[in-house]
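# Examination of the molecular architecture
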Amino acid sequence: MIDQSVADVMTHSVRTITRETTASTVARLFAEDGIGSALVVDSETDDLVGIVTESDIMHQVATDAEISVVSVNSFMTTPVITIPSTESIQTAATLMKDHSIRRLPVVDDGNLVGILTTTNLIHYLPHLRARILRGRDELSGQ
């Protein structure tokens, strides 16, 4: 398989929130920005401490949580599995499969630099196919 780095495929702009952010605020953010996750950072150190997804918000609604009051600190996923931007997308995809996750924050030297999602990988597949076919044609002399 052709090794492409995570940096070439990831989304560079990432929405961050703090632990104190309410579930209703996150739900509004998801709806307004058309996104499915937000990364939770410590308000003092800016360190990545968790992730909140649409599924997390839906669970809060389904369990009749008072979403205008409950903070993400009480239901975010932590610890967060991350990957460096220099890693291959093959390694990233394996990590996502092994941990049954669809979003993988990208961290370089302790700094959040992006997020890799299954959507990013799906959008990359046609490019990967084209590269594989081009390589095959070159090997066969066409």
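Procedures and definitions
Position numbers for residues count from 1 along each chain, tracking the sequence in the order it is written. Thresholds applied to this predicted model are a pLDDT of at least 70 for local features of residues and 80 or more for the giving and counting of side-chain atom pairs; totals over whole chains, interfaces and linings are not thresholded and use all residues. Side-chain metrics rest on all non-hydrogen atoms present in the structure, leaving aside hydrogens and water. Strands pair, by our definition, only if DSSP identifies at least two bridges between them. The way it works is that DSSP assigns letters per residue, a run of H or I at least four long becomes a helix, a run of E at least two long becomes a strand, and they are numbered from the N terminus. For helices, the axis comes from a line fit to the C-alpha atoms of the stretch in contact; other axes are also lines fit to C-alpha atoms, and the angle between any two N-to-C directions lies between 0 and 180 degrees. Every residue pair with non-hydrogen atoms within 4.5 Å of one another is taken to be in contact. Only protein atoms enter the calculation, which uses a 1 Å grid: trapped sets of points that fit a 1.4 Å probe without letting it out are cavities, open sets showing protein on both sides within 12 Å along at least five of seven lines are pockets, and any residue with an atom within 4 Å of a point is a lining residue. Grid points are joined across faces, edges and corners, and a volume is the space filled by probe spheres set on the points. Each residue is assigned to one class: nonpolar for Ala, Val, Leu, Ile, Met, Phe, Trp, Tyr, Cys and Pro, charged for Asp, Glu, Lys and Arg, and polar for all the others, Gly among them.

Before going further, it helps to spend a moment on the sheet that holds strand E3 (residues 48-53). Spatially, three strands are ordered E1-E2-E3 in an open sheet, and the strand pairing comes out mixed. On the outer flanks of this sheet lie strand E1 (16-18) and E3, each paired with one strand and no other. Pairs of neighbouring strands in the sheet enclose a mean axial angle of 35°, with direction left out of account. Relative to E3, strand E2 (residues 37-41) runs antiparallel, the two being bridged by five bridges.

Bringing the side chain of Ser24 into the picture now. Turning to its location among the elements, Ser24 is positioned in helix H2 (residues 23-33). Those residues in contact with Ser24 that sit more than four places away from it in its chain are Ile67 and Ser68.

Moving on, we come to the layout of surface pockets. Unfilled space is identified by rolling a water-sized probe across the atoms. As a volume, the largest pocket reaches approximately 290 Å³. Along the walls of the largest pocket sit 15 residues, with Ile35, Gly36, Ser37, Ile115 and Thr117 positioned nearest its centre. Per-element tally for the lining of the largest pocket: the top contributor is E2, with three residues. Within the lining of the largest pocket, the residues separate by chemical class into five nonpolar, seven polar and three charged. There is about 210 Å³ of room inside the second largest pocket. Surrounding the second largest pocket, Ile51, Thr53, Thr77, Pro79, Val80, Ile81, Ser100, Ile101, Arg102, Arg103 and Pro105 form its lining. Among the secondary structure elements, those contributing two or more residues to the lining of the second largest pocket are E3 and strand E4 (103-108). Class assignment of the residues belonging to the lining of the second largest pocket gives a composition of six nonpolar, three polar and two charged.

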